[in-house]
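# Architecture and fold: a report
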Amino acid sequence: MNIQIFGTKKCNDTKKAERYFKERGIKYQFIDMKEKGMSKGEFTSVAQNNGGLDNMINWDGKDKDLLALIKYIAEEDKLEKVLENQSVLKTPIVRNGKQSSLGYQPDIWKGWS
């Protein structure tokens, strides 16, 4: 397995995901989305696996103005705006090669071994 966990240090679900893999002795790479976000290629791959861009966004997030802008912006501009503001994404985003999940999803991760 080649696990990558995209999240933030303050996110409780991200901490739980790290603990999940640590407890099982599975090596993972943590990517702090505040320092370095996902590349466009990584992002597109995860979006395709998880039902599209809109499913990746945490619509209950704190930045209501930014979320409203993203919601009503032209479709062709939405991807760029989200890539610039990855704080609006559901975390953790856990990748294992071509597979990925959004949020804390131990039931999905069990099937990855």
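Check the entry above for the structure.
Residues numbered from 1 in each chain as written. Predicted model: local features only at pLDDT ≥ 70, side-chain atom pairs only at ≥ 80, totals over all residues. Heavy atoms only, no water.

## Overview of the overall build of the chain
- Per the secondary structure count, the chain includes six helices and four strands.
- Going from the N terminus to the C terminus, the chain shows its helices and strands as β-α-β-α-α-α-α-β-β-α.
- For 113 residues, the compact-globule formula gives about 13 Å, and the C-alpha radius of gyration of the chain, at 14 Å, lands near that figure.
- Projecting the C-alpha coordinates of the chain onto the three principal axes gives extents of approximately 45 × 25 × 25 Å.
- In the chain, the proportion of contacts linking residues at least 24 apart, taken out of those at least 6 apart, comes to 62%.
- Here the chain contributes 20 positively and 16 negatively charged side chains, and the mean placements of these two sets differ by 7 Å. (Helix = DSSP H or I, 4+ residues; strand = E, 2+ residues; numbered from the N terminus. Rg over C-alpha atoms; globule rule 2.2 N^0.38 Å. Contact = heavy atoms within 4.5 Å. Lys, Arg positive; Asp, Glu negative; His and termini not counted. Charge placed at Lys NZ, Arg CZ, Asp CG, Glu CD.)

## Some remarks on the sheet that holds strand S1 (residues 3-7)
- In space, the four strands of this open sheet follow the order S2-S1-S3-S4, with mixed pairing throughout. The two strands at the open ends of the sheet, each matched to only one other strand, are strand S2 (28-32) and strand S4 (99-102). Across the sheet, the axes of successive neighbouring strands diverge by a mean angle of 15°, strand direction being ignored.
- On the sheet, helix H1 (residues 12-23) packs against S1, S2 and strand S3 (93-96) and is oriented at approximately 165° with respect to S1. (Pairing = 2+ DSSP bridges. Axes fitted to C-alpha atoms, helices over the stretch in contact; angles between N-to-C directions.)

## A few points about the nonpolar core
- Phe43, Met56, Val82 and Ile93 are the most contacted members of the largest nonpolar core, which has 19 residues in total.
- Elements with a minimum of two residues in this core: helix H2 (40-49), helix H3 (53-56), helix H4 (64-72) and helix H5 (75-84).
- If we ignore the near neighbours within four places in the chain, the residues touching Val82 are Phe43, Leu53, Ile57, Ile70, Val88 and Leu89.
- Among the nonpolar cores identified, the runner-up in size contains nine residues, and Ile5, Tyr20, Phe21 and Ile26 belong to it. (Core = buried A, V, L, I, M, F, W, Y, C linked by side-chain atoms within 4.5 Å. Buried < 20%, exposed > 50% of the residue type's maximum accessible area, 1.4 Å probe, protein only.)

## Brief notes about the environment of Lys9
- Mapped onto the secondary structure, Lys9 falls in the loop between S1 and H1.
- It is 9.5 Å that separates the C-alpha atoms of Lys9 and Phe30, two residues lying 21 residues apart in sequence.
- With residues near it in sequence (within four places) discarded, Lys9 still touches Lys15, Phe30, Asp32 and Glu35.

## Digging into H5
- Within the sequence span of H5, burial applies to Lys78, Val82 and Leu83. For H5, the buried positions fall inside an angular range of 120° around the axis, keeping them on one side. Structural note: H5 exposes Glu76 and Glu84 on the side pointing more than 90 degrees away from its buried face. (Arc of directions from axis to C-beta.)

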